[in-house]
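A look at the structure
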Amino acid sequence: MWPFSHPTIAFEQAVYGTFPFWHRGYDILCSSPGCRAPWLSAMKETCQRLGERLRGAAPPGGLVTRWLDGGTWLVVRPFSPGSDDVGRPDAAAFHALFLGPESARRVRFDPFRLAPVFRVEWGPEATDLPPGSVTLARPSSQDRERDDRIDPIVEAIGRGRRVLIEAEAPIDRLAARVWRALPKRLRHRRSLATWAYTDSGRFDLIGLPRLTGIDVSDRHLLVLPADQE
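The structure reproduced in this document is the subject of the present report. (Residues numbered from 1 in each chain as written. Predicted model: local features only at pLDDT ≥ 70, side-chain atom pairs only at ≥ 80, totals over all residues. Heavy atoms only, no water.)

With that out of the way, let us pick up the overall build of the protein chain. Scanning the protein chain from terminus to terminus reveals five helices and ten strands. By the compact-globule yardstick of 17 Å for 229 residues, the protein chain fits well, its C-alpha radius of gyration being 17 Å. Oriented by its inertia axes, the alpha-carbon framework of the protein chain measures out at about 45 × 45 × 30 Å. Looking at the protein chain as a whole, 49% of its 229 residues are labelled buried. Approximately 11500 Å² of the protein chain is accessible, and the part contributed by carbon and sulfur atoms is 48%. Computing the positive centroid from 32 side-chain charges and the negative centroid from 28, the protein chain places the two 6 Å apart. (Helix = DSSP H or I, 4+ residues; strand = E, 2+ residues; numbered from the N terminus. Rg over C-alpha atoms; globule rule 2.2 N^0.38 Å. Buried < 20%, exposed > 50% of the residue type's maximum accessible area, 1.4 Å probe, protein only. Areas by Shrake-Rupley, 256 points an atom, 1.4 Å probe, with all protein chains shown as cover. Lys, Arg positive; Asp, Glu negative; His and termini not counted. Charge placed at Lys NZ, Arg CZ, Asp CG, Glu CD.)

So, in structure tokens, the structure goes:
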């Protein structure tokens, strides 16, 4: 039986990016009072490691996770606000949640259960951002459609290898199935980026539009070419 059928998850939050309604380049738009300076620095670094959008690639999206010092769990939703602060297209912005160890445990280290919390609509009025909380519903039933990639990915992550997947868009569906197939002890401390434009070496599971320049012979990597998503 699910031990926390309707867990309440508390979090701090922040928004970072470039927006058409201001002229500050990439910066923190707003953050809740409990956000610590090292968390915000780590969030900015994590977002920057996703790279700049490649020509012809899908816009920013998906989910990104990273474990910070002290057990804080960073979960980020990238998105595009349209143009940047000087009117150029392909702007990127990021809504980030910071969960303490207890909240992370209560969500069973499954970032996809937090997807309904994220916002992609932000305006100049967003100056004061409160701490957040959400009561999550019981997890949805498992997707039973067969995908032969899941077992090799789970095995690779379990052995400490990183997994790179070529795709046309964020690999959220595949990544969610992989994450839920991993033992909880492996979900804890593993990181993912379901959509990025470059491999920074930071993430254990990452979706990329191109695998050009990746050393597919590297025994520390599992590299999978494009497939249905």
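With that settled, consider the nonpolar core. L114, I153, V178 and L205 are the most contacted members of the largest nonpolar core, which totals 40 residues. Only strand 1 (8–17), strand 4 (73–79), strand 5 (93–99), helix 3 (150–158), strand 7 (162–166), helix 4 (172–181) and strand 10 (221–224) provide two or more residues apiece to this core. Beyond its immediate sequence surroundings of up to four residues, I153 is in contact with V163, I165, L174, V178, L205, L222 and L224. Counting 27 residues, the second largest nonpolar core, distinct from the first, contains I28, W39, V64 and L211. (Core = buried A, V, L, I, M, F, W, Y, C linked by side-chain atoms within 4.5 Å. Contact = heavy atoms within 4.5 Å.)

Looking at the secondary structure, you find R187 in helix 5 (residues 184–187). In this structure R187 is buried but unpaired, with D110 as the nearest side chain of opposite charge at 5.3 Å. A distance of 2.9 Å separates the side chain of R187 from the backbone oxygen of W179, its partner in a polar contact. When neighbours within four sequence positions are excluded, R187 is seen to be in contact with W67, R108, F109, W179, R180 and L182. (Salt bridge = Lys/Arg side-chain N within 4 Å of Asp/Glu carboxyl O. Polar contact = N/O pair within 3.5 Å; in protein donor to acceptor, adjacent residues only side chain to side chain.)

A word on the pattern of salt bridges. Scanning the entire structure with this criterion turns up twelve salt bridges. The partner of R146 in a salt bridge is D148, and the shortest N-O contact between them spans 2.7 Å. Assessed through its relative accessible area of 54%, D148 is described here as exposed. Ionic contacts of the salt-bridge type, sharing partners, join the residues E45, R49, R66 and R202 into one network.

Take the packing of helix 3 against helix 4 next. Think of two packed helices as two axes; the pair is described by the angle between the axes and how far apart they sit. Running from N to C, helix 3 and helix 4 cross one another at 55°; their axes reach a closest spacing of 10 Å. Taken together, the axes of helix 3 and helix 4 lie oblique to each other. Viewed along their axes, helix 3 and helix 4 form a crossing whose handedness is right-handed. Residue-level contacts link I150, I153, V154 and I157 of helix 3 to L174, R177, V178, W179 and A181 of helix 4. The residue makeup of the contact of helix 3 with helix 4, split by class, is eight nonpolar, no polar and one charged. (Axes fitted to C-alpha atoms, helices over the stretch in contact; angles between N-to-C directions. Parallel < 35°, antiparallel > 145°, perpendicular 65-115°, else oblique. Left-handed = near helix turned anticlockwise from the far one by under 90°. Nonpolar A, V, L, I, M, F, W, Y, C, P; charged D, E, K, R; others polar.)

Quick look at the pairing of strand 7 now. When you tally the buried positions in strand 7, you get four out of five residues, the bulk of the element. Taken together, the four bridges between strand 7 and strand 10 define a ladder with parallel strand orientation. Directly across from I165, in strand 10, lies its bridge partner L224. As paired strands, strand 7 and strand 9 (residues 205–208) are joined by four bridges and run parallel to one another. Looking at strand 9, one finds that E166 is bridged to L208. (Pairing = 2+ DSSP bridges.)

What follows is about the packing of aromatic side chains. Scanning the entire structure with this criterion turns up nine aromatic pairs. Ring plane angle 25° and centroid distance 5.2 Å describe the contact between F19 and F21, whose orientation is recorded as stacked. On the numbers, 6.4 Å between centres and 45° between planes, the contact of F21 with W22 is tilted. Here the aromatic residues Y16, Y26 and F94 are joined through ring pairs into a cluster of three or more. (Phe/Tyr/Trp six-rings, centres within 6.5 Å; stacked < 30°, edge-to-face > 60°.)

Attention shifts here to unusual backbone geometry. Positive phi, normally seen in glycine, also occurs at D90, with a value near 65°. In this structure, D90 sits in the loop between strand 4 and strand 5. Within the chain, R189 stands out as a residue other than glycine whose phi angle is a positive 85°. Along the chain, R189 turns up in the loop between helix 5 and strand 8 (192–193). Judged by its relative accessible area of 46%, R189 falls in the partly exposed class.

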